[in-house]
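# Chain and residue survey
As a plain string of letters, each chain reads:
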Number of protein chains: 2
Amino acid sequence: MGNQTAYQSLTRTFQRLHHFGHLSAIASWDQAAMMPSKGNEARAAAQAELQVLMHQLITAPELKTQLDAAEQEALDPSQRANLREIRRDWQLANLLPAELIEAKSLAAARCEHAWRSQRRANDWQGFLQNFREVLRLAREEAGLLAQAQGGSRYDALLDKYEPGMKSADIARIFGDVKTWLPGLIAKARDKQAGESVIQPQGPFSVEKQRQLGLEVMGLLGFDFDGGRLDVSNHPFCGGVPEDVRITTRYRDDDFVQSLMGIIHETGHARYEQSLPRGLLSQPVARARSMGIHESQSLSFEMQLGRSRGFLQLIAPLIGKHFGEQPAFGADNLARLYTRVAPGYIRVDADELCYPAHVILRFEIERALIDGEIEAEDVPALWDEKMMAYLGVDTRGNYRDGCLQDIHWTDTFGYFPSYTLGAMYAAQYFATIRRQEPQLDEKIAAGNLAPVFDWLNANIWSQGSRWTTNELVERATGETLNPAYYRAHLQARYLD
Amino acid sequence: MGNQTAYQSLTRTFQRLHHFGHLSAIASWDQAAMMPSKGNEARAAAQAELQVLMHQLITAPELKTQLDAAEQEALDPSQRANLREIRRDWQLANLLPAELIEAKSLAAARCEHAWRSQRRANDWQGFLQNFREVLRLAREEAGLLAQAQGGSRYDALLDKYEPGMKSADIARIFGDVKTWLPGLIAKARDKQAGESVIQPQGPFSVEKQRQLGLEVMGLLGFDFDGGRLDVSNHPFCGGVPEDVRITTRYRDDDFVQSLMGIIHETGHARYEQSLPRGLLSQPVARARSMGIHESQSLSFEMQLGRSRGFLQLIAPLIGKHFGEQPAFGADNLARLYTRVAPGYIRVDADELCYPAHVILRFEIERALIDGEIEAEDVPALWDEKMMAYLGVDTRGNYRDGCLQDIHWTDTFGYFPSYTLGAMYAAQYFATIRRQEPQLDEKIAAGNLAPVFDWLNANIWSQGSRWTTNELVERATGETLNPAYYRAHLQARYLD
Ligand SMILES: [Zn+2]
Ligand SMILES: [Zn+2]
């Protein structure tokens, strides 16, 4: 230890955290994809023990001194960026008293556990009892973070997932979307009313869906020596950068959703698999933010995966695995994958309706955290906004309304990342298309390298080297510009 | 902490170790059954970090004071047994300097890594270079343990796996086996020379083998809500008692070995699944010893699984999954599963030849550790003993001789547990048969409860409550008596 710089001491602590985080990530994946039910209690206890340990490591008193000393040391730019990220992690962990963290975790566990049956039972009043406490603690957390960072309470929670982003920016961006989205949805539905779409005829065996999924993952450059595809109730991308675990779920009457879900998670996976190798144990090597992560999955799912060229490329594979059907033509697949149909459920929403679900949640959770509304006000607001944005009536239907997402049992400030991701993805692809005039032809011919090379050079390999604004500006020449998103949606749904 | 007794402080430390051990066990299972190759380096680093942490916990200076203070506290008998096991763990961890542990781990990793290709290349001289260092460190470890515990160096290593067992006892027991085993093998082969055995005709699809395996595990009472069956290169039983992970490997030209392997691992699994629940975080709830663990797998594989009644029970299942074949009659299955054929490889050995492989290894590793021979003496001794015990010529064939096992890259003193397990299993079944005169008829009729109930009451539910001798005496009325093993083998192979 004697000759270690303060910076080196910090990196060693964060390397330990990284190693423990590895075990926690694998155990979490296992819990979702492999673990039988009776393992649950022991697993939760083991994970909690590790969380306590990791919290002790990152709240050890010497870290403050080391952080201040490291600021004075000679560091190269990458080390300085790493120190910025280390300080950020340290602040997030040290601003909250241990009792609050424990109270939050208990309240979340209670609320989530009850939510599972309350949602089925359409029991908003029951949920409300636990939700009030969750909200109270979230406001307390947000208040402590906001005190240290400035800005509103909701800003402070948003910043956990989108460092540097302010809720006023999001309100402005989403406010603009609200001016044109309902009209665009209506026009797209009018246009599609005259189209005939052929539905694929099942059943589609799980094993064949899996083989198709693996083949498409291969096309998308997933490294199977550094990752796996498995099944879980809620699809996700987990594991560690060296060993990325994605999951899907299969229905034997429909392969369309699962296949696009695999494409989505493969986008997340390639980001993780391509983070800068030499630095993997350090925060600077992590994905930049939740919105940037989602911009990778949506680059794959929305920009690449739903593009005409890509559907031409995979149409023959679908026929190969399931036998030929009229529904498997590229034109019909494109109609299937761009069908607009407002509905209750966010995770089932189409590309065009999805942002409406997000904006609604952002507006409600921001008002909740900032204290403009109370927990009991949620259903009425939900009903009003669903009707205004999507023309959908949710009155009395909590199950498919404000009880549908797990997020609010625990998490506030995350929802904007989904739509920010879609916007970033549109901006990347506008840039890629400028640089590659024949992009769709190349994609249709199976040459996806222009997309992967651009994402790798500009996003994946950069980790957290830059702030989000710097990253996006270096990649596309400007910071977030939602005009590309609007142009993309108009081109796809109206032209 | 204020009002905690020393005993309570100790149990909290061991609970933490148990929680961390849970994550380590799941990560180990994952590594063998799930992990893609590129995850290896990061996984090894994460596991090593956790090992360092666990070593720090168990070598914390306050534990010595707590152990001494706890001896003076009022404890019930189960707590006192737990304290005995805690002290044992503590001693094993604290008798060795950290540098030795690290040197051992490095030497083992180097030796094992090189062994994988050296074995293939039949390269004994190459192996010897690393093996000398492994042996030197094993002797050093054994010397330190023996100094504290009394007895020989080999005694000290043996005690890690078989607490309380002395190498002189094993030498006496194995010495007796050597007087009758070669003759018994010869007579059994003479008897079998006139038998005709029908070989099952493959291929046997992996999926059908898996379904058959799962069905047999169900018959054997495996709790699928608390465990899984998967595939790995080297079959094992891992995971944690609340969530037991067993593995097998399949060959599509032969289901016989894999099926019996699953039965073996299910024996290990039921022991783990039935350890005393309320105490699971404490050492007193752990399996008694490696030999007792093996006595459970061998109770399932050798005593129950190869019994006529059990083969009658599963014969129709085999036909159901693979289609009927003449080879699937219970009589033919019994001949298949009791075929005696001396060969090179321990893990492929039949029930009768297996102890010869173990005795040979015990004699060599004991002499190595106690300094009676040197590393370079192994091949000649191996050749001599293989010829004497099994009539097999291994000269120059290191690959299928002394390089076949992974154990000696890391572990000495473990081999006797395999045959001790077989002996205990024979002794249990002699007891069960005394108490259940119609046992085989019950088994054939699918009533396995007498076996499970006896094992559960006498072994599984007892954890480490008793010493091995106490456990076996309480269960069978006497401590280890190898006469039952001899009688079992004579009855099965000569009558
Ligand atoms: Zn996503
Ligand atoms: Zn075994």
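Residues numbered from 1 in each chain as written. Chains lettered and ligands numbered in written order. Predicted model: local features only at pLDDT ≥ 70, side-chain atom pairs only at ≥ 80, totals over all residues. Heavy atoms only, no water.

Quick note on the threshold: UniProt positions are given in the numbering used here, feature names are shortened, and annotations may be inferred rather than shown by experiment.
Going by an unreviewed UniProt entry, chain A carries the name Metal-dependent carboxypeptidase and comes from Chromobacterium sphagni. Looking at chain A in UniProt, the text filed under Function (unreviewed entry) is "Broad specificity carboxypetidase that releases amino acids sequentially from the C-terminus, including neutral, aromatic, polar and basic residues." According to its UniProt record, chain A has this under Catalytic activity (unreviewed entry): "Release of a C-terminal amino acid with broad specificity, except for -Pro."

## As for the coordination of the zinc ion (ligand 2)
The textbook angles at a metal center are 109.5 degrees for a tetrahedron of four donors and 90 or 180 degrees for an octahedron of six. Residue and element names in this part refer to chain B. Operational definition: Each metal site lists N, O and S donors within 2.8 Å (3.2 Å for Na, K and Ca). With water left out of the atoms, a site can look as if it is missing ligands. Helix and strand assignments follow DSSP, with helices taken as H or I runs no shorter than four residues and strands as E runs no shorter than two, numbered in order from the N terminus. Buried residues are those whose accessible area, probed at 1.4 Å on protein chains only, stays under 20% of the maximum for their type, while exposed residues exceed 50% and partly exposed ones sit between those limits.
Around the zinc ion (ligand 2), the donor atoms from the protein are His264 (NE2), His268 (NE2), Glu294 (OE) and Glu294 (OE), and they sit 2.1 to 2.8 Å away. Ordering the donors of the zinc ion (ligand 2) by residue number gives the pattern H-x3-H-x25-E. Within this pair, whereas histidine 264 is found in helix α10 (residues 256-273), its partner glutamate 294 is found in helix α11 (residues 290-304), the two being separated by 30 residues in sequence. What makes glutamate 294 buried here is its relative accessible area of 8%.

## Section: the packing of aromatic side chains
How we decide: Classification of ring pairs rests on two measures: the distance between centres of Phe, Tyr or Trp rings, Trp counted by its six-membered ring, which must be within 6.5 Å, and the angle between planes, read as stacked under 30 degrees, edge-to-face over 60 and tilted in between. Definition used: whenever NZ (Lys) or CZ (Arg) falls within 6 Å of the ring centre and also within 35 degrees of the ring normal, the charge is taken to sit over that ring.
Across all of its chains, the model carries 48 aromatic pairs over all chains by this definition. With a centroid separation of 5.4 Å and 90° between ring planes, the pair formed by phenylalanine 174 of chain B and phenylalanine 362 of chain B is classed as edge-to-face. Taken as a pair, phenylalanine 174 of chain B in helix α8 (residues 167-193) and phenylalanine 362 of chain B in helix α14 (residues 354-369) lie far apart in primary sequence, 188 residues in all. Judged by centre distance (5.8 Å) and plane angle (25°), the ring pair of phenylalanine 300 of chain B and phenylalanine 452 of chain B falls under stacked. In this pair, phenylalanine 300 of chain B sits in helix α11 while phenylalanine 452 of chain B sits in helix α18 (residues 449-458), placing the two residues 152 residues apart along the sequence. Residue classification places phenylalanine 300 of chain B among the buried positions, given a relative accessible area of 0%. Over the ring of tryptophan 29 of chain A we find arginine 245 of chain A; its NZ or CZ atom is 4.4 Å from the centre of that ring. Above the plane of the ring of phenylalanine 452 of chain A lies arginine 270 of chain A, whose end atom (NZ or CZ) is 4.6 Å from the centre.

## Here's the deal with the interface of chain A and chain B
Basically, it comes down to this: The contact rule is simple, with two residues in contact once any of their heavy atoms fall within 4.5 Å. Salt bridge, as used here, is a side-chain nitrogen of Lys or Arg placed within 4 Å of a carboxyl oxygen of Asp or Glu. Within 3.5 Å is the distance limit for a polar contact, defined as a pair of N or O atoms, with the added protein rule that one can donate a hydrogen and the other accept it, and that residues adjacent in sequence qualify only through two side-chain atoms. Residue polarity follows a fixed list, in which Ala, Val, Leu, Ile, Met, Phe, Trp, Tyr, Cys and Pro are nonpolar, Asp, Glu, Lys and Arg are charged, and the others, Gly among them, are polar.
On the side of chain B, 36 residues touch chain A, which itself brings 36 residues to the contact. Connecting chain A to chain B are 10 salt bridges. The salt bridge partner of aspartate 30 of chain B is arginine 245 of chain A, with a shortest N-O separation of 2.8 Å. Seen at the junction of chain A and chain B, the total is 16 residue pairs in polar contact (both at pLDDT 80 or more). Only α1 (6-33), α2 (40-58), β1 (227-231) and β3 (243-248) of chain A provide two or more residues apiece to the side of chain A that touches chain B. With 12 residues, the single largest contributor to the side of chain A that touches chain B is α1 of chain A. Split into classes, the residues belonging to the side of chain A that touches chain B amount to 15 nonpolar, nine polar and 12 charged.

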